[in-house]
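Here are the chains, one letter per residue:
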Amino acid sequence: MLHDFVNWIREDLGRFTEDGQSWSHQLHESLFMWNIIEGTHVLTIMFFAGTIWMIDLRMMGIAFKNMPLSKLSDRVLPITIISLMAMVVTGVIAFVGRDPLMYYHNIWFRLKMVFLVAAMINILWFHYRVQKSDIAWDVIPPMSDPLPVKKALWLGVFIASSFALLVSFLIPGDPWVMSAARILLFVVALVGLFVVIHKRTPGLPLVVKLSGALSMLAWFLVIIFGRFIAYDWFYCEKETTTPGSLMYVLQECDSALAFREGDVGEVIEEEVTGEEAVPDDGTGESVEGEEAPAEDAAPAETPAPAQPAPGEGN
Amino acid sequence: MTFEEIFKNVPGASDFVASMPKIWPISLLQDIYAPFGALHLVGLALMGGAVILLNLRLMGAGLKEEPLPQMERTTRPWFIAGLAIVLFTGIIIGMLNSEKLYNSVPFFIKMTSLASACIFSFGVTNAIAKNDGRTSTGVLVAAGIAFLLWLVALGVLGSDEISAPGLFHPLSAGYAILAIFGVRTRWFAVGAFALLFGGMFVMYWIIGFNTYDPFYDDISRWLTVAGAAVFAALFGWEIYQSRTEASTPTAKLMAMFSVLTWVTVAAGGRWIGFAS
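Since this is a predicted model, take the numbers as computed values, not measurements. Sequence order as written defines residue numbering, which begins from 1 separately in each chain. Each chain takes a letter, starting from A, and each ligand takes a number, starting from 1, following the order in which they are written. Thresholds applied to this predicted model are a pLDDT of at least 70 for local features of residues and 80 or more for the giving and counting of side-chain atom pairs; totals over whole chains, interfaces and linings are not thresholded and use all residues. Side-chain numbers here rest on the full set of heavy atoms in the structure, without hydrogens or water.

With reference to specific residues and values, describe unusual backbone geometry.
Residues and elements named next belong to chain B. Each neighbour pair has its own omega, and for Trp24 with Pro25 the value is 0 degrees, a cis peptide bond. Following the sequence through the fold, Pro25 ends up in the loop between α2 (13–19) and α3 (33–58). In this structure, Asp132 takes a positive phi of about 55 degrees despite not being glycine. Strands here are runs of E lasting at least two residues and helices are runs of H or I lasting at least four, both read from the DSSP assignment and numbered beginning at the N terminus. Secondary-structure assignment places Asp132 in the loop between α6 (105–130) and α7 (137–159).

Got a sec to walk through the side chain of A:Arg182? Specific residues and values, please.
All names here are of chain A. Counting through the fold element by element, Arg182 comes out in helix α9 (residues 175–200). When its relative accessible area of 18% is taken as the criterion, Arg182 is described as buried. With sequence-adjacent residues up to four places away left out, Arg182 is seen in contact with Leu165, Ser168, Phe169 and Ile171. Using a 1.4 Å probe on the protein chains alone, a residue whose accessible area is under 20% of its type maximum counts as buried, one over 50% counts as exposed, and one in between counts as partly exposed. Note on contacts: a residue pair is in contact if any heavy atoms of the two residues lie within 4.5 Å.

Please provide a residue-by-residue account of the pattern of salt bridges, values included.
In what follows, salt bridge is the name for a side-chain nitrogen of Lys or Arg lying within 4 Å of a carboxyl oxygen of Asp or Glu. Counted under the stated rule, the structure contains 10 salt bridges over all chains. Close ionic contact of A:Glu11 with A:Arg10 constitutes a salt bridge, the shortest N to O distance being 3.0 Å. An identical accessibility class is assigned to A:Glu11 and A:Arg10; each is buried. We note a salt bridge from B:Arg184 to B:Glu238, for which the minimum N-O separation is 3.0 Å. Taken together, the residues B:Arg184 in the loop between α8 (168–181) and α9 (186–207) and B:Glu238 in helix α10 (residues 214–241) connect sequence positions 54 residues apart.

Break down the interface of chain B and chain A for me, citing the residues and quoting the values.
The interface is formed by 66 residues belonging to chain B together with 64 residues belonging to chain A. As used here, buried area is the combined drop in accessible area, with a 1.4 Å probe, of two parts when they are placed together. Buried area between chain B and chain A, summed over both chains or domains, comes out near 5,700 Å², and the portion from carbon and sulfur atoms is 75%. Counting across the chain B and chain A interface gives two salt bridges. We note a salt bridge from A:Arg75 to B:Glu65, for which the minimum N-O separation is 2.2 Å. Counting of polar contacts relies on pairs of N or O atoms within 3.5 Å, with two restrictions inside protein: one atom must be capable of donating a hydrogen and the other of accepting it, and residues adjacent in sequence are counted only when both atoms are side-chain atoms. Across the chain B-chain A interface, the total number found is seven residue pairs in polar contact (both at pLDDT 80 or more). Taken together, the elements giving at least two residues each to the side of chain B that touches chain A come down to α3, α4 (68–96), α8, α9, α10 and α11 (249–275) of chain B. When residues are grouped by polarity, Ala, Val, Leu, Ile, Met, Phe, Trp, Tyr, Cys and Pro land in nonpolar, Asp, Glu, Lys and Arg in charged, and all others, Gly among them, in polar. In terms of residue class, the side of chain B that touches chain A is built from 40 nonpolar, 17 polar and nine charged.

Explain the environment of A:Thr241 residue by residue, including any values.
Residue and element names in this part refer to chain A. Structurally, Thr241 can be placed in the loop between α10 (206–228) and α11 (246–250). Put simply, Thr241 and Thr80 are 161 residues apart on the chain and 38 Å apart in space, counted from C-alpha to C-alpha. Contact partners of Thr241, with chain neighbours within four places excluded, come to Trp233, Phe234, Tyr235, Cys236, Met247, Tyr248, Gln251 and Cys253. Within polar-contact distance, the side chain of Thr241 engages the backbone oxygen of Tyr235 at 2.9 Å.

Let's hear about the environment of B:Thr2: which residues, and what values?
Residues and elements named next belong to chain B. With respect to the helices and strands, Thr2 occurs in the segment before α1 (3–7). Overall, the relative accessible area of 5% leaves Thr2 in the buried class. Sequence separation between Thr2 and Ala189 is 187 residues, and the spatial gap between their C-alpha atoms is 34 Å. In this structure Thr2 touches Tyr102, Asn103, Ser104, Val105 and Phe108, once residues within four positions along its chain are discounted. At 3.2 Å, the side chain of Thr2 and the backbone nitrogen of Glu5 are in polar contact.

An account of the packing of helix α1 (residues 3–11) of chain A against helix α12 (residues 253–261) of chain A is needed here, citing residue identities and associated values.
Residues and elements named next belong to chain A. Following both chains from N to C, one finds α1 and α12 inclined at 45 degrees, their axes separated by 11 Å at the closest point. If you check the angle between α1 and α12, you find them oblique. Note that α1 runs across α12; the crossing there is right-handed. Side by side, α1 and α12 meet where His3, Asn7 and Arg10 of the first sit next to Ser255, Ala256 and Phe259 of the second. For the contact of α1 with α12, a count of residues per class yields two nonpolar, three polar and one charged. Note on method: axes are straight lines fitted to C-alpha atoms, helices fitted across the in-contact stretch only, with angles between N-to-C directions ranging 0 to 180 degrees. Orientation categories follow fixed angle ranges, with anything under 35 degrees roughly parallel, anything over 145 roughly antiparallel, 65 to 115 roughly perpendicular, and all other angles oblique. The handedness criterion is simple: a crossing whose near helix is rotated anticlockwise from the far helix by less than a right angle is left-handed, and one whose near helix is rotated clockwise is right-handed.

Any details on a nonpolar patch on the surface? Residues and values, ideally.
All names here are of chain A. Like charges within 9 Å and nonpolar side chains (Val, Leu, Ile, Met, Phe, Trp, Tyr) within 5 Å are joined into patches, using only residues over 30% in relative accessible area that form no salt bridge. Values of accessible area rely on a 1.4 Å probe in the Shrake-Rupley scheme; residue burial ignores everything except the protein chains shown. Taken together, the side chains of Trp125, Val207, Leu210 and Leu214 make up a nonpolar region of the molecular surface, amounting to roughly 290 Å² of accessible area. Among the elements that make up the nonpolar patch, the one with the highest residue count is α10 (three residues). Mapped onto the elements, Leu214 comes out in helix α10. Under the relative-accessibility criterion, Leu214 is labelled partly exposed at 38%.

Set out below in structure tokens:
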């Protein structure tokens, strides 16, 4: 859909002369600029996700219970918003500066964007619909402890499904069946946990707690999928990503592979090397040439641009 | 400086490190490494929120109405939960990549900063908060030890050619904190940051991000040093001018160091990948 536009970003944005290089290529080959930008993007998680999760926990009645939500929001949200702006700016530059086409045709990047949009929609829903009635629930009313038996039951559901989810990673099986089972267990665990939280705070409206829970979940998945971008499990070039398969379709591999086989633009070989390649930790197939320097790497007398590798980036 | 250099004369150390991925039950987790890396970031975020809110409160910003002991009680479970996730996943990640990390400079920086940050959080800032902003001799001794460890980490970070640009992260975090809590210096901090580091970005934008010229590298280095000096001056002025406030200069200093050490831990972790 947007392949041509993303390709334009990669090849032409910032290229002012015929012999010049686009900003994407320049950042890709920079010694440390891209690393600093991407590192800032990741580290801003501490400021952004950390603060918004404190607000979400308060919305669910778990943390800062003695503080009105409006006061907590007034004090903390400015930090959250500025952090979000920093994340967006650094995220855009990081997207431009590595290989925009790789990101565009990456299922994890797409899922990250989906849940980013979902989180934004949740924020808008909360601010423009749910928050209108905040006079009734800004302060958590005193409440009696709900029936312990029902709470224990749902707690049991959460613990059992979480344990089953962990154990499932040690059980071999068809990847798609196991993935579906794990998603189901994850959802069951989340539902169990949410019900336990909901029963702890009957004085808080369900919609408020639901908004907080959805926000936590959405940003949790944004972080998880963002981390997975670096893994090459479903790259279009891999033999396991067969034409017509779900991943092939979802990642629009037709246009990705047609581009690589054609004469349009400059093919960057390190799209499947270096930073985006799987480390030697046995978690996936190593991509050929992953340790090879970029074609247009720095002159020999200067250290080659540091290539971030997944897995070791934490 | 790496752990390999420190322990190279210890018999069997290298062999033990090389054998770590094969130790049960870590050996069972080779194929599911990725979720642990992702959860590591989740733990960092959860812990980061608790650390930032408590330390901002110590500086007299953020949730100012919340009593310090109450603030510490409220944030403590989330700090511990986040730290538990970080440590649990970090041990798994570390053991699965043991040889690589053993020879990694950023990993050494990360571990040294982690020791410093834990001392700051458990022995300094939390103690000050529980004591309603008052410090004790024990707290100051702990702070001294933590600060020295952090200086070691910063020294190694600054002296490693590949990792040195990572100094930007704790420095920018310091400016960000100053912009949040610095009533008198906020706009100076924002302006200085924009001038120095925004200027660095613009400089590379003009000459080309992929310019490899020691001249511009030197400019970047001096801009970073200048940025650190300006930050120290602004922060020092801010806490001096606010010395009569309820939140003491010592508490503010400890709070700032606590945040910066945690950011250094995170920066070291990120630069493991960049330096490999």
